Amino acid sequence: MKTKMRLQSALPQLFLLLGKSIIATPVNSPYNARTLSFQWSSCSADLQQVATLPVDCANFTVPLDYSDPTSNETLVLTLLRVPAVNKPSRGSIQINFGGPGVPVRDSLAGAALSLQAITGGYFDLIGFDPRGTANTLTFSCYDNETERANALISGPGGIANASDTALGLVWAVGTVFAEQCHSRPESRKRGSLINTAFVARDMMSIVDGLGEDGLLRYYGFSYGSLLGETVVAMFPDRIDKVVIDGIMNPFEYYTGAEPQVWTSADAAFHGFLSECLKAPSNCTLASSHTSVDTLEASIYNMIYDLKFNPRVIGGMIVDYTILKSTVRASLYSTFKFSTLANLLNGLLTRNDTQCIEAYTALTASTLAVLRGKGGDESPFGIHCSDKAYRRDSRASMNTDIERLYNSSQLLGDFSPVLLSICARWKMDAKERAPLSSFTNVKTKTPVLIIGNTYDSATSINAAFNVSAGFVDSVVLRQDGYGHCSLGQPSICTSKAVRSYFMDGTLPEQGAVCDVSVPPFSKMTIYDILPELGFNISMIKKGNAGKRGLDLWS
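These remarks concern the structure in this document. (Residues numbered from 1 in each chain as written. Predicted model: local features only at pLDDT ≥ 70, side-chain atom pairs only at ≥ 80, totals over all residues. Heavy atoms only, no water.)

Here we look at the pairing of strand β11 (residues 474-481)
The criterion, for reference: Exposure categories follow from relative accessible area, calculated using a 1.4 Å probe and restricted to protein chains: below 20% of the type maximum is buried, above 50% is exposed, and the middle band is partly exposed. For the purposes of this entry, the term helix denotes a DSSP run of H or I that reaches at least four residues, the term strand denotes a run of E that reaches at least two, and both are numbered from the N terminus. If DSSP finds at least two bridges between two strands, the strands pair. Looking down the strands as they point away from you, a crossover is right-handed if its path from the first strand over the helix to the second goes clockwise.
Burial of β11 is extensive: 7 of the 8 residues sit out of reach of the surface. The pairing of strand β10 (residues 448-454) with β11 spans 6 bridges and is parallel. Across the sheet, residue Ile449 finds its bridge partner in β11, namely Val475. For the crossover that starts at β10, traverses helix α19 (residues 460-469) and ends in the parallel β11, the hand is right-handed.

Topic: helix α5 (residues 166-183)
The condition is simple: The span expected for a helix works out to 1.5 Å for each residue beyond the first. Residue contacts are defined here by distance: any two heavy atoms, one from each residue, within 4.5 Å place the two residues in contact.
The terminal C-alpha atoms of α5 lie 25 Å apart, and with 18 residues this matches the ideal 26 Å at 1.5 Å per residue to within 8%. By the burial criterion, the buried members of α5 are Ala166, Leu167, Val170, Trp171, Val173, Gly174, Thr175, Phe177, Ala178 and Cys181. Summarising the contacts, the buried residues of α5 are in contact with α6 (185-190), α16 (378-386), α17 (398-407) and α18 (415-424).

Thoughts on the packing of aromatic side chains
Here is the rule: To pair, rings of Phe, Tyr and Trp, with the six-membered ring standing in for Trp, must have centres within 6.5 Å; the planes then decide the type, stacked if under 30 degrees apart, edge-to-face if over 60, and tilted in the middle.
What the rule picks out here adds up to 24 aromatic pairs. Plain terms: the ring middles of Phe251 and Phe438 are 6.2 Å apart, the flat faces sit at 65° to each other, and that makes the pair edge-to-face. Here Phe438 lies in the loop between α18 and β10 and Phe251 lies in helix α9 (residues 250-255), a separation of 187 residues in the sequence. Each member of the pair, Phe251 together with Phe438, is buried.

Some details on the state of the cysteines
Condition: Only a pair of cysteine sulfur atoms within 2.5 Å qualifies as a disulfide here.
Applying the stated criterion across every chain, the model contains 5 disulfides. What pairs with Cys384 in a disulfide is Cys422, and their sulfur atoms sit 2.2 Å apart. Judged by the torsion about the S-S bond (-80°), the Cys384/Cys422 disulfide is left-handed. Note that Cys384 is positioned in helix α16 and Cys422 in helix α18, a separation of 38 residues in sequence. You can call Cys384 buried: its relative accessible area is 0%. Given a relative accessible area of 0%, Cys422 falls into the buried group. Note that Cys492 is cross-linked by a disulfide to Cys513, the S-S spacing being 2.0 Å. Measuring the twist about the S-S bond at about -65°, one finds the Cys492-Cys513 disulfide to be left-handed. Of this pair, Cys492 sits in helix α20 (residues 491-503) while Cys513 sits in strand β12 (residues 511-513); the two residues are 21 residues apart in sequence, bridging distant segments of the chain. By relative accessible area, which is 0% here, Cys513 ends up buried. Here the cysteine-cysteine linkages of the chain are recorded as 1-2, 3-4, 5-6, 7-8, 9-10, numbering only bonded cysteines and doing so in sequence order.

Taken by themselves, the reported measurements are silent on function.
Written as structure tokens, this is what we have:
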């Protein structure tokens with residue numbers, strides 16, 4: 001595959017709000033992060049097991065409530081560090097892989113080798129589980145797993161367009177769930193403290209505690225892009241280098257329905273099928289189809305039929321919601337494309353064995369938060385506390401729901417579930433970055449923004465919208481599939497990120513990177529590491545995972 005970088009004409013900047021940048025200032029608190037130093041020591045056995053390079057861990061104390069300068073309450077953050085493989089270290093880069101509600105430390109441990117290769121090997125990589133996630137101010141709406149399991153039977157999940165009556169149920173379930181979370185004193189208190197703006201302040205507290213140059217270096221993916229946008233908007237004068245990848249639109253995230261999330265999903269699915277027909281030896285769907293349009297129509301017809309005629313396969317029910325959810329998660333990484341094709345082919349040909357094998361493989365490798373089986377309610381707590389969107393009736397949401405439906409035939413009916421919960425949410429973040437702070441933002445080094453052409457979960461259009469507000473920022477478009485550039489690795493993109501962190505070099509405006517891994521090849525980031533100057537033999541002995549940067553698989 002080609003790895004060259006090429007230029008494109010600038011895409012339309014569809015969403016630009018004018019306003020002055022507002023700079024967030026440190027909170028006057030009796031607690032000062034600068035008074036602490038890090039005491040790095042061995043990480044837990046489970047983190048050591050998945051780590052692809054040596055790692056160490058530390059605790060760090062920050063204010064619990066940045067909005068209350070009189071409070072002495074604190075919060076302990078648990079950090080994981082991947083020390084620079086080349087010495088001397090040039091400082092630290094903080095990492096976040098997305099969510100919200102997804103822990104960071106275990107993913108960073110598994111991605112240690114790959115990220116060191118991409119960032120140049122001269123930086124310490126640091127990640128912490130943000131507020132609300134894992135054991136950091138865990139946001140839970142239930143007292144135990146039994147309660148949670150019972151609630152999941154009718155709790156948040158499903159798809160708003162799964163039947164003629166599903167939308168009403170989604171609204172009712174969202175109301176009950178929001179009330180449940182608000183009814184528990186612990187979650188009621190924590191709901192206002194797990195916001196993205198406070199996590200941004202935690203990041204800057206860590207910068208202060210590290211005692212380096214007082215500037216932030218950051219690499220964020222998916223929701224991590226939104227976190228990066230927020231910290232840049234709040235602290236533009238304290239930014240050294242920031243890379244955000246798989247871009248979320250802050251104007252939509254903080255206020256509304258977020259239809260832009262899915263605007264590339266249909267093109268991504270069409271591209272998946274088109275690439276399938278180009279690789280018949282690795283894609284079972286190609287054995288009985290030669291026209292991508294005919295194949296696509298047959299799959300959409302099957303999905304629609306499952307609304308009314310769910311199938312029982314090996315004791316498992318496959319319906320509209322199950323299949324769409326599986327397709328959604330599988331489009332995150334081209335590594336899964338062949339297995340997704342097996343599932344779809346099995347359903348079309350009624351090959352139950354092929355269906356069961358493919359479905360088992362796909363669900364076993366999918367992030368729990370995408371399957372709706374996370375161990376807490378942090379994805380809803382963080383998102384809905386952040387979002388200034390409240391409604392008193394389902395009818396008042398109809399326009400927004402219609403916009404979501406129209407954004408994507410394949411995935412547009414997922415978002416009304418989250419939106420209905422947020423509409424009924426009863427806890428507001430104690431701080432939100434003002435929308436005006438996301439425009440006319442000037443940083444020491446312009447921000448590098450990365451987006452895939454066919455990203456089913458974050459549209460490339462959002463990358464250009466965000467760039468319009470960040471002065472001199474550059475959008476690097478990776479011409480491939482998957483969620484974030486990790487979804488289909490590219491030597492070109494990896495080298496661009498490395499050059500940016502190592503010496504501040506940005507790609508030219510309008511740059512496009514080709515991918516280095518064919519869509520149906522089952523290749524991963526490890527196959528291109530030698531061209532980045534790193535070898536897979538560097539993986540720490542005893543590692544069980546070898547997960548690398550294939551975080552979505």
